[in-house]
Amino acid sequence: MADESILSDDFIRQLIDVGEVDILVGVPTHNDAKTVEPAIRAIQAGIVKTFPRERAVILNADGGSNDGTPDVIMGASIDEQHRSFNGYTLRTLHAISTRYANSPSNAAALRTILAAAELLRAKACSVICPESSNIEAEGVANLLRPIYRDHFDFVAPIYRRHKFEGVLLTNLLYPMTRALFGQRVREPYASEFAFSGRLASQFLNRHQWNEETKDYDPELELTVTALSDGCRVCQTFLGTRSPTKRQSRDLVDAMRQTVGVLFSSLDGTFSVWSAKTASQPVPTNGPEFELSVDPLRINRKQLKEMFSAGVVELESVLRSIVSSATLSELQQLARADEDNFRFHPELWVKTVYEFAASYHKAVMSRDHIVQALVPLYRGRMFTFLVENRTASAAEVGNNIESLCLEFERLKPYLLELWNGRK
Amino acid sequence: MPEMQDALWYKNAVFYQVHVRAFYDSNGDGVGDFQGLAQKLDYLRDLGINAIWLMPFFPSPLRDDGYDIADYRSVHPLYGTLEDFKSFLAAAHERQLRVVMEMVLNHTSDQHAWFQESRSSRDNPRRNWYVWSETDTPYRSARIIFIDTEMSNWAWDPISKEHYWHRFFSHQPDLNYDNPAVREEMWDVMKFWLDMGVDGFRLDAVPYLIEREGTSCENLPETHIVIKELRAKLDSEYPGRMLLAEANQWPADLRPYFGTGDEFHMAFHFPLMPRMFMGLKLEDRKPIIEILSQTPEIPASCQWALFLRNHDELTLEMVTDMERDYMYDSYARDKTMRLNLGIRRRLAPLLEHDRRRIELMNGMLMSLPGTPIIYYGDEIGMGDNVNLGDRNGVRTPMQWNGGWNGGFSNADPESLYSPLIQNPVYGYQAVNVLSQRRSEHSLLSWMQHMINLRRSTPLFGSGSIEFLYPKNHRVLAYVRQQGDQAILVVNNLSSSAQAVELDLRRYKGKILIEMFGGNLFPRIGDMPYLLTMGPYQFYWFKLRRI
Amino acid sequence: MRDIIVGELTQAAQEIFRGFAHLLPRLIVMLVIVFVGWLIAYVIRAILRSILQFAKFDRLSERAGASQLLTHAALPTPTELVSRFVFWIAWIGFIMLGISVLGIGGLQEHVERFFFFLPRLFVALLILFFGLLVASFFARAILLASVNANFPSPRLLSISARTIIIIFVLSMVFEELGVADQTVILAFGIAFGAVMLGLAIAFGFGGKDLAQRFLENRFLRERRMEKEDEPSPL
């Protein structure tokens with residue numbers, strides 16, 4: 001815990017007034033006045049319909065909005081007449097808001113929410129994205145119910161996506177967390193999820209909240225903590241997702257927040273993931289994946305070019321990271337033309353694992369290692385797009401599944417690298 | 001079981017003092033026994049305690065409630081056999097309960113075989129096992145302890161025509177610890193029980209082991225040598241077992257009994273207990289703070305044993321005359337309640353059956369530095385019977401339910417070792433385990449909750465204590481600390497509501513979290529922290545920085 | 001006259017012998033010091049080698065890029081190099097000490113100057129080492145950033161950055177050593193200024209489209225959304 005408190009006196013007073021709660025829904029915001037109101041309505045409806053007797057609070061963690069977002073949220077909460085549903089609450093449904101900093105930081109927002117959850121001893125907590133303009137009451141309830149009623153510790157969302165959306169998730173994050181931690185959580189990096197009070201306390205007190213980590217997203221680490229601490233995890237389907245701010249980030253940044261975080265979390269959890277041998281499905285509420293296959297125009301050529309250019313230009317860097325066999329295969333691939341280009345799964349998995357092992361050994365600055373992976377990922381993305389150009393949802397699903405199995409199959413290779421031939 | 005392996009287990013323990021005779025009778029002879037006690041171990045485990053201190057159960061003429069021992073290696077037939085004891089011990093260990101038993105080192109019963117031999121003639125090989133003298137003049141400076149019954153520390157033995165030394169009753173001759181054979185034999189006796197698996201001993205009357213002319217014959221250096229020897233042997237052959245000293249002395253005189261961690265593990269903090277009662281009646285924290293400020297630092301591996309009441313009278317030996325008079329006037333107006341230099345009443349009657357005061361006293365017991373000991377029956381608020389002689393009024397049968405003999409025994413009520421408490425206020429129909437179990441708000445349920453909270457906070461057992469001095473003298477407030485954890489305890493000793501302002505600037509920025517309900521209290525700032533408290537209320541706050 | 005010559009010769013010879021006799025003990029002492037110094041320096045080298053091996057000094061200098069430089073120049077590994085270097089410094093120091101014992105006047109001054117020089121040498125080497133580390137780090141950072149931002153010729157940018165930093169570091173080292181410091185500084189100043197001016201002109205006139213795109217990317221993030229040809233990776 002940092003020396004300076006993250007909770008202001010005013011916020012503490014609001015917490016004292018609210019007192020102990022059963023349900024806490026956190027909404028981190030920054031200049032979301034235009035989109036947040038439907039999300040708040042959905043949260044209220046979800047709580048009222050599914051948890052009418054429980055003590056609940058909606059907590060807005062604001063990162064210095066200057067468009068009046070907190071006022072919109074507080075205004076939405078106190079106006080009973082405008083509620084479009086016919087709900088009736090036995091209890092007061094609290095809403096409180098705090099400004100955690102003058103500039104947005106996902107880590108600080110989550111930390112505020114976790115701290116409040118611990119102090120109020122909430123049993124079930126959830127984080128909802130303010131841009132979720134199409135989230136419904138049922139979705140909110142589906143996130144909270146497994147925690148509150150069925151004693152799960154963590155609920156991850158599943159969204160309906162386009163088959164080409166979220167390639168980083170389907171080609172790296174999902175298969176790798178699945179292979180290493182043994183549980184098939186499709187969206188380990190999510191902006192909407194639910195967790196138990198117990199997991200909140202654990203994560204709050206164990207995680208290093210300091211200046212360096214202020215600017216990165218802790219969600220993936222929260223997922224990894226849930227998976228590695230023996231928590232009960234499940235998933236729930238939430239429908240189509242509205243585009244969020246973090247999706248518009250550039251690729252390097254995205255990889256830092258996800259792949260970089262994943263790699264660094266492997267150090268502390270080695271004893272857990274090294275022991276898992278196979279993956280199990282997690283209980284899922286709703287379809288496990290739904291892909292839309294509308295045609296989509298994509299500039300694939302640039303991906304291939306950036307891959308080839310990257311492999312060539314970064315040779316000196318890659319030489320220190322991957323094995324020489326892998327490097328020569330990558331170089332061979334870079335020379336291939338578009339029709340013969342195939343970044344096959346085995347090579348991809350080996351590359352990723354070698355990167356993970358090099359990250360663990362810190363053969364160079366860790367941030368540089370992550371950056372070096374970016375062009376290689378582009379190559380993989382190219383192959384994925386080409387192979388699934390005309391595939392149906394089921395076929396895409398199978399391709400992802402076989403990639404996952406490849407990750408699982410080569411896990412001993414990662415362990416070998418980790419324990420250090422180098 | 002890692003918990004059972006912890007060498008410092010006694011620092012975070014909650015003890016339960018019980019007499020096997022008074023707990024539960026399994027064979028219908030009117031006297032509690034070991035089989036009965038074994039049957040009630042689940043109750044003790046559910047209560048939350050983790051160590052049992054057994055009163056003496058040796059064969060004995062029972063003229064001093066078993067502290068007059070006639071055979072050190074056996075069990076009194078009324079309470080069962082040695083096998084019964086062994087089964088009980090195994091059952092207790094199975095439930096993670098440790099067992100500490102009495103060991104009276106200082107004296108035996110005059111019925112003990114050793115004394116019978118010793119007194120038979122002046123040339124008997126065991127003559128030197130006791131302290132004999134032609135006249136009754138040696139050791140003049142030693143005081144008489146049982147002033148209500150004894151006139152001298154010497155008794156005349158008509159058989160061998162000499163005087164023998166006894167610090168307690170005349171039928172309890174003192175053993176001679178200057179005799180190496182005695183020391184060896186007593187260690188052998190202890191080994192007998194240690195080999196069986198007993199977790200520790202309460203060594204009765206340790207200050208009086210050795211006598212020297214011209215001294216008070218209490219706390220002599222030679223006595224400490226005897227103890228050091230015992231402890232050294234214990235540590236080398238039975239690590240993890242514990243020695244508890246019964247030494248009713250001022251704190252400064254008590255300190256030597258810890259040595260440098262090479263004598264006793266634990267000792268009773270006798271002077272604190274009467275001052276807690278005094279502070280409550282005076283509605284002033286002064287006596288409590290004074291005695292604790294005078295309490296010396298003890299080695300890190302040592303621990304104080306704290307208690308509110310026990311099988312003896314509430315002793316007022318360690319207070320001034322003025323204080324003693326005040327205590328008599330406040331708590332024992334009726335002279336029949338006074339015995340020796342104390343008051344022979346149980347906790348609930350002393351506190352006039354006032355639930356709030358009982359909770360407050362227990363709260364202080366559990367939050368002051370030391371290991372708390374609960375006297376059997378006080379967890380349900382049992383009453384006493386001053387009309388029973390000596391101190392037997394506080395040793396009546398345990399009240400389990402409102403039925404036949406209070407659930408203690410199936411024997412005829414007239415054949416019980418002691419009559420039950422029967423009046424409408426404290427009688428077994430009103431105060432018993434069964435009825436209190438059914439309510440979440442009974443004293444028993446509250447004690448369970450309290451003990452559980454205490455045991456899950458090791459800070460109370462091993463942390464430091466720093467007193468706060470708010471201007472309102474009716475409030476006793478202190479902070480217990482260990483490492484970066486801190487707990488603030490605030491007690492209102494007054495019978496009326498109080499407001500108190502505490503200077504908590506040292507802990508500025510921390511949030512108070514009340515430990516029983518878990519609710520937040522405002523953050524500590526620069527201003528004095530205002531708390532309002534109901535009569536006899538107390539708070540335990542965790543100080544949390546977040 | 002013969003007597004005088006003989007007498008003078010004898011006297012001269014005696015003086016020489018006397019002088020030699022004065023000198024001999026000191027010479028012996030000097031040789032002893034030199035020998036002991038060699039032993040001590042040898043021991044120091046061995047200890048230093050073990051310490052550096054234990055601290056994985058080679059790995060560290062690999063990261064600094066120093067190892068590559070050394071292998072290019074056909075020099076031994078950094079650990080070995082440092083150990084030998086320290087050995088020589090130590091031994092030369094002892095030799096100097098020995099010489100000073102001889103009591104030959106003018107040499108004292110040189111000995112003193114040598115010992116004053118040592119700390120500056122040490123500082124200069126430190127600057128060099130850390131300078132190489134920094135150059136290596138920034139070169140790699142620039143390489144990665146330009147590859148990922150799809151800049152043309154990323155390796156060129158990277159090498160230029162590394163070169164500039166190394167030149168800068170070298171000039172600092174030379175200044176510290178007091179070797180041709182004026183010349184080096186001036187040369188560096190001129191070169192650096194010229195490069196900067198050239199880049200400015202290039203950016204301003206020749207690369208204004210590139211500059212515009214670059215600035216857009218940096219400061220107008222929201223425009224990203226129109227890139228429908230690359231779906232979100234998350």
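Heads up: the structure comes first, above all this text.
A brief look at the structure comes next. The shown structure was predicted, so the numbers you read here are calculated from the model rather than taken from an experiment.

## Section: the overall build of chain B
For step 1, the next point in the chain: Each helix and strand counted, chain B has 17 helices and 22 strands in total.
For step 2, the next point in the chain: In terms of overall size, chain B behaves like a compact globule, its C-alpha atoms giving a radius of gyration of 24 Å where 546 residues would be expected to give roughly 24 Å.
For step 3, the next point in the chain: Each principal axis of the C-alpha distribution contributes one length, and for chain B these read about 80 × 55 × 50 Å.
For step 4, the next point in the chain: Here chain B, with 546 residues, has 64% of them falling under the buried criterion.
For step 5, the next point in the chain: Residue pairs in contact within chain B that sit at least 24 positions apart in sequence constitute 69% of those at least 6 positions apart.
For step 6, the next point in the chain: Carbon and sulfur atoms form 50% of the exposed surface of chain B, whose accessible area is close to 20,000 Å².
For step 7, the next point in the chain: Averaging the positions of the 58 positive and the 71 negative side-chain charges in chain B gives two centres separated by 7 Å.

## Side note on unusual backbone geometry
All names here are of chain B.
For step 1, the next point in the chain: The phi torsion at Asp65 lies on the positive side, around 55°, for a residue other than glycine.
For step 2, the next point in the chain: With respect to the helices and strands, Asp65 occurs in the loop between strand E2 (51-54) and helix H5 (82-94).
For step 3, the next point in the chain: By relative accessible area, which is 8% here, Asp65 ends up buried.
For step 4, the next point in the chain: A positive phi is found at Gln96, a non-glycine position, where the angle reads about 60°.
For step 5, the next point in the chain: Within the secondary structure, Gln96 is located in the loop between H5 and strand E3 (98-104).
For step 6, the next point in the chain: Accessibility expressed as a relative area gives 26% for Gln96, which makes it partly exposed.

## Observations concerning helix H2 (residues 36-50) of chain A
Residues and elements named next belong to chain A.
For step 1, the next point in the chain: The end-to-end C-alpha distance of H2 is 21 Å, a good match for the 21 Å that 15 residues give at a rise of 1.5 Å each.
For step 2, the next point in the chain: In terms of burial, H2 is a largely internal element, 12 of the 15 residues being buried.
For step 3, the next point in the chain: For H2, the set of buried residues is Val36, Ala39, Ile40, Arg41, Ala42, Ile43, Gln44, Ala45, Gly46, Ile47, Val48 and Thr50.

## Thoughts on empty space enclosed by the protein
Residue and element names in this part refer to chain A.
For step 1, the next point in the chain: Summed over the entire model, instances satisfying the criterion amount to eight cavities of 30 Å³ or more.
For step 2, the next point in the chain: Quantified by volume, the largest cavity comes out at close to 160 Å³.
For step 3, the next point in the chain: Residue lining of the largest cavity: 13 residues in total, with Arg161, Thr170, Arg186, Glu187 and Leu291 positioned closest to the centre.
For step 4, the next point in the chain: Looking at the lining of the largest cavity, the elements that each hand over two or more residues are strand E5 (154-162), helix H6 (167-181) and strand E11 (290-292).
For step 5, the next point in the chain: Of the residues assigned to the lining of the largest cavity, the class counts are seven nonpolar, one polar and five charged.
For step 6, the next point in the chain: Looking at the second largest cavity, its volume works out to about 60 Å³.
For step 7, the next point in the chain: Taken together, Ile47, Val48, Phe51, Pro52, Glu54, Ala56, Thr89, Arg91, Thr92 and Leu93 form the lining of the second largest cavity.

## Structural notes on the interface of chain A and chain C
For step 1, the next point in the chain: Each side of the interface is counted separately: chain A has 42 residues, and chain C has 22 residues.
For step 2, the next point in the chain: Both faces combined, the contact of chain A with chain C buries some 2,700 Å², and carbon together with sulfur accounts for 59% of it.
For step 3, the next point in the chain: Of all residues in chain A, the largest losses of buried area upon contact with chain C belong to Met306, Glu313 and His368 of chain A, amounting jointly to 21% of the total for that side.
For step 4, the next point in the chain: Here chain A and chain C share one salt bridge between them.
For step 5, the next point in the chain: The tally of links from chain A across to chain C stands at three residue pairs in polar contact (both at pLDDT 80 or more).

## Remarks on the interface of chain B and chain A
For step 1, the next point in the chain: Chain B puts 12 residues into the contact, and the matching count from chain A is 19 residues.
For step 2, the next point in the chain: Of the roughly 1,200 Å² buried between chain B and chain A, counting both surfaces, carbon and sulfur atoms make up 58%.
For step 3, the next point in the chain: In terms of surface lost to chain A, no three residues of chain B exceed Leu520, Arg523 and Ile546 of chain B, which account for 53% of the buried area on that side.
For step 4, the next point in the chain: The tally of links between chain B and chain A comes to two salt bridges.
For step 5, the next point in the chain: Across the salt bridge formed by Arg544 of chain B and Glu118 of chain A, the nearest N and O atoms sit 2.6 Å from each other.

## Observations regarding the nonpolar core
For step 1, the next point in the chain: One finds Tyr16, Phe85, Met103 and Trp193 of chain B to be the most contacted residues of the largest nonpolar core, which totals 155 residues.
For step 2, the next point in the chain: At eight residues, the largest contribution of residues to this core is made by helix H7 (residues 180-196) of chain B.
For step 3, the next point in the chain: Excluding its chain neighbours within four sequence positions, the residues that come into contact with Phe85 of chain B are Phe34, Leu54, Phe57, Val75, Trp193, Met196 and Val198 of chain B.
For step 4, the next point in the chain: Core analysis: the next-biggest nonpolar cluster, separate from the first, contains 122 residues, Phe164, Leu222 and Leu314 of chain A together with Leu144 of chain C among them.

## Points about a negative patch on the surface
For step 1, the next point in the chain: Together, Glu305, Asp337, Glu338 and Asp339 of chain A line one region of the surface with negative charge.
For step 2, the next point in the chain: Turning to its location among the elements, Asp337 of chain A is positioned in the loop between helix H13 (324-335) and helix H14 (345-361).

Thresholds, definitions, all that
- Residues numbered from 1 in each chain as written.
- Chains lettered and ligands numbered in written order.
- Predicted model: local features only at pLDDT ≥ 70, side-chain atom pairs only at ≥ 80, totals over all residues.
- Heavy atoms only, no water.
- Helix = DSSP H or I, 4+ residues; strand = E, 2+ residues; numbered from the N terminus.
- Rg over C-alpha atoms; globule rule 2.2 N^0.38 Å.
- Buried < 20%, exposed > 50% of the residue type's maximum accessible area, 1.4 Å probe, protein only.
- Contact = heavy atoms within 4.5 Å.
- Areas by Shrake-Rupley, 256 points an atom, 1.4 Å probe, with all protein chains shown as cover.
- Lys, Arg positive; Asp, Glu negative; His and termini not counted.
- Charge placed at Lys NZ, Arg CZ, Asp CG, Glu CD.
- Expected span 1.5 Å × (residues − 1).
- 1 Å grid on protein atoms, 1.4 Å probe; cavity = no way out; pocket = protein on both sides within 12 Å on 5 of 7 lines; lining within 4 Å.
- Points joined across faces, edges and corners; volume = space filled by probe spheres on them.
- Nonpolar A, V, L, I, M, F, W, Y, C, P; charged D, E, K, R; others polar.
- Buried area = accessible area lost by both parts, 1.4 Å probe.
- Salt bridge = Lys/Arg side-chain N within 4 Å of Asp/Glu carboxyl O.
- Polar contact = N/O pair within 3.5 Å; in protein donor to acceptor, adjacent residues only side chain to side chain.
- Core = buried A, V, L, I, M, F, W, Y, C linked by side-chain atoms within 4.5 Å.
- Patch = residues over 30% accessible without salt bridge, like charges linked within 9 Å, V, L, I, M, F, W, Y side chains within 5 Å.

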